[in-house]
Amino acid sequence: MKLSIYGKGCRKCEQLTDNARAAAEALGFNVEVEKITDMNAIIDKGVMRTPALGVDGEVVLEGKVASAEEIQRLLKA
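Criteria and thresholds
- Residues numbered from 1 in each chain as written.
- Predicted model: local features only at pLDDT ≥ 70, side-chain atom pairs only at ≥ 80, totals over all residues.
- Heavy atoms only, no water.
- Helix = DSSP H or I, 4+ residues; strand = E, 2+ residues; numbered from the N terminus.
- Rg over C-alpha atoms; globule rule 2.2 N^0.38 Å.
- Buried < 20%, exposed > 50% of the residue type's maximum accessible area, 1.4 Å probe, protein only.
- Salt bridge = Lys/Arg side-chain N within 4 Å of Asp/Glu carboxyl O.
- Contact = heavy atoms within 4.5 Å.
- Expected span 1.5 Å × (residues − 1).

### Brief notes about the overall build of the protein chain
Okay, so step 1: Helices and strands together make up the secondary structure of the protein chain, namely three helices and four strands.
Okay, so step 2: Its helices and strands in sequence order give the protein chain the pattern β-α-β-α-β-β-α, from N to C terminus.
Okay, so step 3: The C-alpha radius of gyration computed for the protein chain amounts to 11 Å, which stays within 12% of the reference 11 Å derived for 77 residues, consistent with globular compactness.
Okay, so step 4: Looking at the protein chain residue by residue over its 77 residues, the buried ones come to 34%.

### What to know about the pattern of salt bridges
Okay, so step 1: Enumeration over the complete set of coordinates arrives at three salt bridges.
Okay, so step 2: Glu34 is the salt-bridge partner of Lys2, the closest N and O atoms lying 3.7 Å from each other. Pair noted here: Lys2 is in strand 1 (residues 2-6) and Glu34 is in strand 2 (residues 32-36), with a separation of 32 residues, a long-range link.
Okay, so step 3: Residue class for Lys2 comes out partly exposed when judged on its relative accessible area of 33%.
Okay, so step 4: The partner of Lys35 in a salt bridge is Glu14, and the shortest N-O contact between them spans 3.1 Å. With Lys35 in strand 2 and Glu14 in helix 1 (residues 11-27), this pair connects stretches of sequence that are 21 residues apart.
Okay, so step 5: For Lys35, a relative accessible area of 44% puts it in the partly exposed group.
Okay, so step 6: On the basis of relative accessibility, which here comes to 32%, the residue Glu14 falls in the partly exposed class.

### Focus on the environment of Leu53
Okay, so step 1: Take Leu53: it is sitting in strand 3 (residues 52-55).
Okay, so step 2: On the accessibility criterion, Leu53 (0% relative accessible area) is buried.
Okay, so step 3: Each C-alpha atom, one on Leu53 and one on Cys13, is 9.3 Å from the other, the two residues being 40 residues apart in sequence.
Okay, so step 4: With residues up to four places along the chain from it excluded, the contact list for Leu53 reads Leu3, Ser4, Ile5, Tyr6, Leu16, Ala20, Glu58, Val59, Val60, Leu61 and Ile71.

### Some remarks on helix 1
Okay, so step 1: In this model, helix 1 (17 residues) spans 25 Å end to end at C-alpha, consistent with the 24 Å of a helix rising 1.5 Å per residue.
Okay, so step 2: Those residues of helix 1 not exposed but buried are Cys13, Leu16, Thr17, Asn19, Ala20, Ala23 and Ala24.
Okay, so step 3: Buried-residue contacts for helix 1 involve strand 1, strand 2, strand 3, strand 4 (58-62) and helix 3 (68-76).
Okay, so step 4: Looking at the residues trailing helix 1, positive phi occurs at Gly28, about 80°.

Written as structure tokens, this is what we have:
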């Protein structure tokens with residue numbers, strides 16, 4: 001599973017990254033996490049608000065820092 005964090009690398013982006021890793025670890029998933037900070041790449045993906053989270057290329061969360069529990073629910077779906 002590949003998780004993508006879209007954002008400029010701010011504190012909120014870092015928190016989302018930490019929460020996503022914790023969620024995947026709690027579920028026993030083996031994940032690769034990539035951080036996408038290039039604004040053109042973020043816009044090309046259709047992200048209008050950061051931070052955003054992508055799972056296997058699909059943006060599933062945008063404009064907020066979700067808790068690890070919220071991300072677990074997204075990963076299970």
